[in-house]
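Descriptive analysis of the structure
So the chains spell out like this:
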Amino acid sequence: MIEAARCDPEDGEDRQRFAALRSGFADAAGRSDGIVERTFRIGGFGVRMRFANSSLVEPLTVPFGHLASPRGDAADLNISVWDSASSRTPLPAAVGDLREHHESATPASVPASGILSAYMRPNPGLSMLDLHAAEALYWVPDASHVAFEDRSAPFRCVLNWWMSRRARQFVHGAAVGTERGVVLIVGKSGSGKSTTALSCLLDGMLYLGDDNCLVSLEGQPLAWSVYSTAKLHGHNLQRFPGLQKAVANAERMHLEKGVVLLNSDFAAQLRPQLRLLAVIVPEVCWASRPALRACSAIAALTALAPSTLLQLSAAPPDSLQQMAELVRRIPAFNMALSEDVSANAQELRALIDRLSVAGDSA
Amino acid sequence: MAERNSLRVNRPSVVDETIDGEALIVNLGTGVYYSIAGTGEVIWRMLAEGLTPAAVASNLHQLFDVAPQDASNAVAVFVDQLIAEELLVSVIDAGPSGATSFSGAGPGDSAPGPFVLPELKRYADMQDLLLLDPVHDVDEKGWPNARSAPLLGTERRD
């Protein structure tokens, strides 16, 4: 899709600010023992992360561990990352007032410079992307204070900007299933997405994500994993005692959701992408048995699209159309969730079996 | 050429999509989303095509069993709602007068039913997704002040 560029006298200023943030990275790297690089295959594209020092490497790369690429793999997008505290490098004044970057974050048109920026959306850092050069920068004030948004879904802003302009639509939803395919569980926070997704994981099913996934519609609809994490409130985590030792921020769970790192204990159940078979709209009614019933495409779109669009800054103008095309192409179901979380998983596994057989014979 | 006031959809803040005669409209600026079905969806599409409220009322009179004055009144009330919700904005237009004919139901869209007063269903339950990212006061290092900073304060984050 060709997006209309916005002619703006501030385009030159955008470029100066980007250059200033990049020079901050160079200064920070110059004060370190050396740049640390990691490359991952996300949404089918090579994404190289370059850290000015080692302080942010672990928290910001563990969620991508299941997508790691061999060293030297080609990169389609480069993200340079630094913080002021560990590098003793202040944010250059020429980056501009951080509040201006925040205000420019919502929504939707791209300046002629091709440079997008966002502060504090969704993570407490400054994201900048030069779309033309496929070069991104991410800065946080202090690597010793990594927020749970960064631990669970790092670089979401940059990845959304870049992927969504390459036919990979970020969606707010969980994707779980089997080798035959996955279902996309959608709905606002508290609708049961994470609980259902983790129930499926613990039941032995495959897992692509609990809150953010990529969807592509070229040919067969596919769901792509981005993060091998899950987010759960403390009271929900008590349902899953087997996950408690994998919580990355246990000391802060009185303040924020717990971030569960699934890479080590569940590596065999993580996949980069799988065929997408259906959209599930859960209903938290804790019935004795789970129940599925077909729901309309517009109901599925209403559960999927607003929460997706409102969480993402500067989504492309055709994002809603992409999601509408998805719900037109695959069936959607309401699912009354059971208090027996294992029964929910079994119900979804049976649905996937039925849909994949129907799809194979079509 | 004379200038005139016309209405247009408040893009890019407002995005919309119609499936099977029901429109989902999201105002990305306010965080509120809407559902319109039946007569209201037809009116929305006419307005999105650039028809004036008078032309919309005239087309409704032809499409539905509704008196011209009743159609005009219904459109006026609905348009006021859409403007109040910042889904439509008034612009000064120096071009030729707006379209008067409606392209009608598109492929795959259901045919309009009997005329009922249009209803805009409004949902504000996801506005907090915008409020999750308030414009924080930041200190000179870029770290949000404790007063508004969930990371450093005691506010729970979802």
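Refer to the preceding data block for the structure.
These remarks concern the structure in this document. (Residues numbered from 1 in each chain as written. Chains lettered and ligands numbered in written order. Predicted model: local features only at pLDDT ≥ 70, side-chain atom pairs only at ≥ 80, totals over all residues. Heavy atoms only, no water.)

As a further point, take the overall build of chain A. Summing up its helical and strand segments, chain A has eleven helices and 18 strands in all. The C-alpha atoms of chain A give a radius of gyration of 20 Å, which matches the 21 Å a tight globule of 362 residues would have. When its C-alpha atoms are laid out on the principal axes, chain A stretches across 60 × 45 × 35 Å. A separation threshold of at least 6 residues defines the contact pool for chain A, and within that pool the share at least 24 residues apart is 72%. (Helix = DSSP H or I, 4+ residues; strand = E, 2+ residues; numbered from the N terminus. Rg over C-alpha atoms; globule rule 2.2 N^0.38 Å. Contact = heavy atoms within 4.5 Å.)

Taken together, the buried positions of helix H10 (residues 319-329) of chain A are occupied by Ser319, Leu320, Met323, Ala324, Leu326 and Val327 of chain A. Looking down the long axis of H10 of chain A, one finds its buried residues gathered within 155 degrees of arc, a one-sided arrangement. (Buried < 20%, exposed > 50% of the residue type's maximum accessible area, 1.4 Å probe, protein only. Arc of directions from axis to C-beta.)

At the junction of Arg11 of chain B and Pro12 of chain B, the peptide bond is cis and its omega measures out at 10 degrees in the coordinates. Even without glycine at this site, Ala134 of chain A takes up a positive phi of about 55 degrees. Counting through the fold element by element, Ala134 of chain A comes out in the loop between strand E7 (126-130) and strand E8 (135-140). In this structure, Ala167 of chain A is a non-glycine residue whose phi angle is positive, near 60 degrees. When you line up the elements, Ala167 of chain A lands in the loop between helix H6 (156-163) and strand E9 (169-178). The exposure class assigned to Ala167 of chain A is partly exposed, which follows from its relative accessible area of 36%.

All names here are of chain A. Membership of the largest hydrophobic core comes to 41 residues, with the highest contact counts inside it found for Ile42, Phe51, Phe64, Leu77, Ile79, Phe155 and Leu159. Going through the elements one at a time, strand E2 (36-42), strand E3 (45-51), helix H2 (57-61), strand E4 (77-83), strand E6 (115-119), E8 and H6 are the ones with two or more residues in this core. Ranked by residues supplied to this core, first place goes to H6 with six residues. Once you skip the residues sitting within four places of it in the chain, Phe51 turns out to touch Phe25, Gly34, Ile35, Val36, Leu56, Val57, Leu60, Thr61, Val81 and Phe155. (Core = buried A, V, L, I, M, F, W, Y, C linked by side-chain atoms within 4.5 Å.)

All names here are of chain A. Per the counting criterion, the structure on display carries four cavities of 30 Å³ or more. Considered as a void within the structure, the largest cavity measures approximately 60 Å³ in volume. What lines the largest cavity is Ser152, Ala153, Gly209, Asp210, Asp211, Asn212, Tyr227, Thr229 and Lys231. For the lining of the largest cavity, the class distribution of residues is two nonpolar, four polar and three charged. (1 Å grid on protein atoms, 1.4 Å probe; cavity = no way out; pocket = protein on both sides within 12 Å on 5 of 7 lines; lining within 4 Å. Points joined across faces, edges and corners; volume = space filled by probe spheres on them. Nonpolar A, V, L, I, M, F, W, Y, C, P; charged D, E, K, R; others polar.)

Residues and elements named next belong to chain B. Taken N-terminus to C-terminus, the directions of helix H1 (residues 38-48) and helix H3 (residues 68-84) make an angle of 70 degrees; their axes are 11 Å apart at the nearest point. The angle between the axes of H1 and H3 places the two elements in the roughly perpendicular class. Of the residues in H3, those in contact with Gly40, Ile43, Trp44 and Leu47 of H1 are Val75, Phe78, Val79 and Leu82. Across the contact of H1 with H3, the residue classes break down as seven nonpolar, one polar and no charged. (Axes fitted to C-alpha atoms, helices over the stretch in contact; angles between N-to-C directions. Parallel < 35°, antiparallel > 145°, perpendicular 65-115°, else oblique.)

All names here are of chain A. Considering the arrangement of structural elements, one finds Gly125 in the loop between E6 and E7. You can call Gly125 buried: its relative accessible area is 1%. Beyond its immediate chain neighbours, meaning those up to four positions away, Gly125 contacts Ala118, Tyr119, Met120, Tyr138, Trp139 and Val140.

Inspection of every chain in the model, using the stated rule, returns eight aromatic pairs over all chains. Relative to Phe115 of chain B, the ring of Phe64 of chain B has its centre 5.7 Å away and its plane inclined at 70 degrees; by these criteria the two rings are edge-to-face. One end of the pair, Phe64 of chain B, is in the loop between helix H2 (53-63) and H3; the other, Phe115 of chain B, is in the loop between strand E5 (88-93) and strand E6 (121-123), and 51 residues separate them in sequence. Within the aromatic cluster, the residues linked to one another by ring pairs are Phe40, Phe64, Tyr138, Phe155 and Tyr227 of chain A. (Phe/Tyr/Trp six-rings, centres within 6.5 Å; stacked < 30°, edge-to-face > 60°.)

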